[in-house]
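# Residue-level structure breakdown
If you want the building blocks of each chain, they are given just below.
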Amino acid sequence: MSPRLTSAAFAAAGFLFLVYIAVRPSGDDAAAMASTAWVAGHAAAMAGFILLGLAVLGLHQVLGDRLSLRAAAVTWVGAGLTLPYYGAEDFGLNVIARRSLRDGAPALMELAEEFRYGPVAVTMFAAGLLLLAAGTVMAAVAVRRSGTLPRWSGTVLALGFVLFLPQFFTPYPVRVAHGVLVMAGGLWAAAALWRAAGSARRPAGA
């Protein structure tokens, strides 16, 4: 990926994580899960995870060091472990909730809780988010050491992913604020890469 494409991937990923929490209904009841907004919000998050993996890989292509390569690998594994849970939340819970409302059978929503807190599912999900946190922290350290990009330009995004798991246990306004934090981190990384790409193309003395 070129630095400009990498920049676009960071910006789009950050924006999509804000879309995820802003569009997703604030509740977790059947009406929320059955809505189009539930599907759209979680789909935005899934696209964000994919773009984050591409962005960190593109960052490695810019920096070219071992730490950024490890960051890309860890981020990809984290996204791979996280996406199945998000997919089931998006499509599986939506189907269960719509059937529950259609049939007037609130007991069906117990299936949603069984899925969400199933030991294998929740372990994969938590492990994926922890690896995403580790991958983005490694990427931020690689940026800081590189001398190619502003030293702190990866820090806010890394902080957003360190807080990704804890924010699930906070009130909805805090979750929206977290989405803003992740977007800000993605935009900062994107801007740094965009400026670096422009500087590399500018002739010496221009």
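Everything here concerns the structure above.
Residues numbered from 1 in each chain as written. Predicted model: local features only at pLDDT ≥ 70, side-chain atom pairs only at ≥ 80, totals over all residues. Heavy atoms only, no water.

## Structural notes on the overall build of the protein
A tally of regular secondary structure across the protein gives 8 helices and 0 strands. Order of helices (α) and strands (β) in the protein, N terminus to C terminus: α-α-α-α-α-α-α-α. For a compact globule of 206 residues, the expected C-alpha radius of gyration is about 17 Å, and the protein comes in at 19 Å, within 12% of that figure. For the protein, the spread of C-alpha atoms along the three principal axes comes to 70 × 30 × 25 Å. For the protein, with 206 residues in total, the buried portion stands at 44%. In the protein, once contacts between residues fewer than 6 apart in sequence are set aside, the share between residues at least 24 apart is 76%. If you sum the accessible surface of the protein, you get close to 9700 Å²; carbon and sulfur atoms cover 70% of it. (Helix = DSSP H or I, 4+ residues; strand = E, 2+ residues; numbered from the N terminus. Rg over C-alpha atoms; globule rule 2.2 N^0.38 Å. Buried < 20%, exposed > 50% of the residue type's maximum accessible area, 1.4 Å probe, protein only. Contact = heavy atoms within 4.5 Å. Areas by Shrake-Rupley, 256 points an atom, 1.4 Å probe, with all protein chains shown as cover.)

## Here we look at the pattern of salt bridges
In the structure shown here, the tally under the stated rule is 5 salt bridges. Asp28 is the partner of Arg116 in a salt bridge, and the nearest nitrogen-oxygen pair spans 3.5 Å. With Arg116 in helix H5 (residues 109-116) and Asp28 in the loop between helix H1 (3-23) and helix H2 (30-33), this residue pair connects regions lying 88 residues apart in the sequence. Taking relative accessible area as the criterion, Arg116 reaches 8% and is therefore assigned buried. Arg102 serves as the salt-bridge partner of Asp103, at 3.3 Å between the closest nitrogen and oxygen. One salt-bridge network, in which partners are shared between bridges, spans Arg24, Asp28, Glu89 and Arg116. (Salt bridge = Lys/Arg side-chain N within 4 Å of Asp/Glu carboxyl O.)

## What to know about the environment of Tyr85
Looking at the secondary structure, you find Tyr85 in helix H4 (residues 66-103). Residue Tyr85 is classed as buried on the basis of its relative accessible area of 10%. Counting along the chain gives 39 residues from Tyr85 to Met46, while the straight-line C-alpha distance between them is 9.9 Å. Residues contacting Tyr85, with those up to four places away along its chain left out, are Phe115, Arg116, Ala121, Val122 and Phe125. A distance of 2.9 Å separates a polar side-chain atom of Tyr85 from the backbone oxygen of Arg116. (Polar contact = N/O pair within 3.5 Å; in protein donor to acceptor, adjacent residues only side chain to side chain.)

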